[in-house]
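Results of the structural survey
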Amino acid sequence: MASTRLLCSFTAKVAGLTQTLARTGWCRVGCRRHVCSSPSRQQSCMSAWVVDQYGSNGVLRYTEEATLPTVNSPSEVMIEVHAASVNPLDIAMRAGYGAKLLKLRRDPASVMNSDSEFPLILGRDMSGVVVDCGSEVTQFVPGDEVWAAVPPWKQGSLAQYVTLTEYEVSHKPESVSHTEAASIPYVASTALSALVCAGGLCRENSSNKRVLIIGGSGGVGTFSIQLLKAWGAHVTVTCSHNAEGLVRGLGADEVVDYTGGDFAEQLETMEKFDVILDNIGGDTEEWAMGLLKPWSGAKYTTLVTPLLLNTDSMGLLDGAINAGVTLCTKALQEVISNGVFYRWGFYFPDGPALDQVAKLVDAGKILPVVEAQFPFAQVPQAFQKLEHGHARGKTVVQVVEKEDRLEEESVQGICTEAVESEQGFQGTSKQH
Ligand SMILES: NC(=O)c1ccc[n+]([C@@H]2O[C@H](COP(=O)([O-])OP(=O)(O)OC[C@H]3O[C@@H](n4cnc5c(N)ncnc54)[C@H](OP(=O)(O)O)[C@@H]3O)[C@@H](O)[C@H]2O)c1
């Protein structure tokens, strides 16, 4: 197991982003590209890690006979995956989380028939190279280096190839390797959805905002800290004692150790917040809601919602209704009693938003935080690592291992083993 932590910082030579991640800006961006042709492929199978039933890590199976996901519609792009990453959602989906709703989204006709979703390929992030495009694809051509967050209702990226619609794909940032790039798309799409759509933040309005990130040391947290700092917000983070150096290194202004007994009291002594991003859930809402500024449009956005758990346990209709009632009740309760907005955040696929994130990465404002890398042969070990908890950034799988290693070696000084200690985290600067 390669368990090095890489944090790469890059000199921001590219100044002045012309586009912003404002609501209007990050929804539909990009220039038109050449129309692509679809080369025919002889291959019909590919390597992948699949699950044939839900369960613990033992259900992960390597095969070289997974169905090749060829381009089936004019707007699709087929990509050779160079690197993927694993997310808490993969662990949960391996065990059957969201099975009912995701199966419906995958194939609405499955309500009427008993078609199986297996073999299922997990893996939500990917960085790779376009190999084929549908006839109506305008933004990409074969050979383009791209990255994307694969929606959970599609076959995932722990495979040699993945096929997505053009809208879900974005050009990969040039300054980072595939391994580094694969650490970002899913957490970036989720954080943007939570902070922008639910939290009402954007580059233009964040500079006078105080944001609290509950659970700042994992994938979503480490990305959100950097995005919010790039937008000029004041960022407070809760995390474990030994993650303080990491989150401060990424720009957090204030850090509260949640393992210290008095952390809620510490937060209460601080100036109140405009937005809280809750990556932890559980009883957090009970003590954290009062930390928001009352009657000033402040928002509490949680990423831990009961929607999929409800549809799994109660069925699609009852589960969705129950979740809807829970959300409306809490939202109403919070606005009446505390004068704050309560919202749920969800991942949404959004290639144009990733275009904007790529610019921030190339400008050195967002750094990939790769805690551990595994070769494709060790996907179960990558799951095990993530399942162990205590993430510090992301766990990445190198699908095309050799090439990415060469790529990293060829650019001296981009990445270095992290120095994380009780004293703090230190990255190194990219030397151009
Ligand atoms: N709704 C959606 O569409 C959506 C999308 C993406 C993610 N999510 C959810 O969002 C959550 C965060 O995702 P992620 O990718 O960032 O997870 P992650 O990478 O596993 O990170 C979780 C982090 O939280 C820390 N932590 C645990 N308990 C904590 C506490 N009580 N207070 C503060 N920090 C704590 C962990 O480290 P220590 O245990 O060492 O402190 C870890 O660093 C997950 O529950 C995930 O399922 C939801």
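Residues numbered from 1 in each chain as written. Predicted model: local features only at pLDDT ≥ 70, side-chain atom pairs only at ≥ 80, totals over all residues.

Before going further, it helps to spend a moment on the overall build of the chain. Scanning the chain for helices and strands turns up 13 helices and 20 strands. Out of the 432 residues belonging to the chain, those deemed buried represent 48%. Expressed as a percentage of contacts within the chain between residues at least 6 apart in sequence, the contacts between residues at least 24 apart total 74%. (Helix = DSSP H or I, 4+ residues; strand = E, 2+ residues; numbered from the N terminus. Buried ≥ 20, exposed ≤ 12 C-beta atoms within 10 Å, placed from the backbone. Contact = placed C-beta atoms within 7 Å.)

The strand order across the open sheet formed by six strands is 12-11-10-13-14-15, and the pairing between neighbours is parallel. Either end of the sheet is taken by a strand with one partner, and the two such strands are strand 12 (254-257) and strand 15 (341-344). Across this sheet, the average inter-strand angle for adjacent strands is 15°, counted without regard to direction. The sheet strands contacting helix 4 (residues 185-198) are strand 13 (275-278), strand 14 (299-302) and strand 15, and the helix crosses strand 14 at an angle near 155°. Seen against the sheet, helix 5 (residues 219-230) touches strand 10 (210-214), strand 11 (234-239) and strand 13 and runs at an angle of roughly 165° to strand 11. (Pairing = 2+ DSSP bridges. Axes fitted to C-alpha atoms, helices over the stretch in contact; angles between N-to-C directions.)

As a further point, take the environment of Trp 287. Position of Trp 287 among the secondary structure elements: in helix 8 (residues 284-288). Its 13 C-beta neighbours within 10 Å are what place Trp 287 among the partly exposed residues.

Axis angle and axis distance: for two packed helices, these are the angle between their axes and the distance between the axes, and together they describe the pair. Where helix 2 (residues 99-106) contacts helix 9 (residues 307-314), the two axes come as close as 7 Å, and the packing angle between them is 95°. The orientation of helix 2 with respect to helix 9, classified from their angle, is roughly perpendicular. Where helix 2 approaches helix 9, its residues Ala 99, Lys 100 and Leu 101 are matched on the opposing element by Leu 308, Thr 311 and Asp 312. Partitioned by chemical class, the residues of the contact of helix 2 with helix 9 number three nonpolar, one polar and two charged. (Parallel < 35°, antiparallel > 145°, perpendicular 65-115°, else oblique. Nonpolar A, V, L, I, M, F, W, Y, C, P; charged D, E, K, R; others polar.)

Turning our attention to the nonpolar core. The biggest cluster of nonpolar side chains holds 106 residues, and the ones touching the most others in it are Ile 79, Ile 276 and Val 397. Take this core: its biggest share by element is nine residues, from helix 4. Once residues within four sequence positions are removed from consideration, Ile 79 is found in contact with Met 126, Gly 128, Val 129, Val 130, Val 131, Val 146, Tyr 161, Val 162 and Leu 164. (Core = buried A, V, L, I, M, F, W, Y, C linked by C-beta atoms within 7 Å.)

What follows deals with the site of the ligand. The full set close to the ligand counts 27 residues, and Gly 218, Gly 219, Val 220, His 390 and Ala 391 are the nearest of them. Looking at the shell around the ligand, the elements with two or more residues in it are helix 1 (88-94), helix 4, helix 5 and strand 11. Element by element, the count of residues in the shell around the ligand is highest for helix 5, at three residues. Of the residues assigned to the shell around the ligand, the class counts are 13 nonpolar, 14 polar and no charged. (Near = placed C-beta within 6 Å.)

The next thing to look at is unusual backbone geometry. Here the bond from Phe 118 into Pro 119 is cis, since omega is -5°, no more than 30 degrees from zero. With respect to the helices and strands, the residue Pro 119 is situated in the loop between helix 2 and strand 5 (120-121). Here Trp 295, not a glycine, exhibits a phi torsion of approximately 50°, which is positive. The topology assignment puts Trp 295 in the loop between helix 8 and strand 14. Unusually for a residue other than glycine, His 390 sits at a positive phi of about 60°.

A word on helix 9. All of the buried residues in helix 9 are Leu 308, Asn 310 and Thr 311. All buried residues of helix 9 lie within an arc of 160° about the axis, which places them on one face of the element. Contacts from the buried residues of helix 9 go to helix 2 and helix 10 (316-337). Residue Gly 315 follows helix 9 closely and has a positive phi angle near 95°. (Arc of directions from axis to C-beta.)

To continue, consider the pairing of strand 7 (residues 145-149). For strand 7, the tally of buried residues reaches four of five residues, placing the bulk of the element in the interior. Relative to strand 7, strand 6 (residues 125-133) runs antiparallel, the two being bridged by five bridges. Across the sheet, Met 126 pairs through a bridge with Ala 148, a residue of strand 7.

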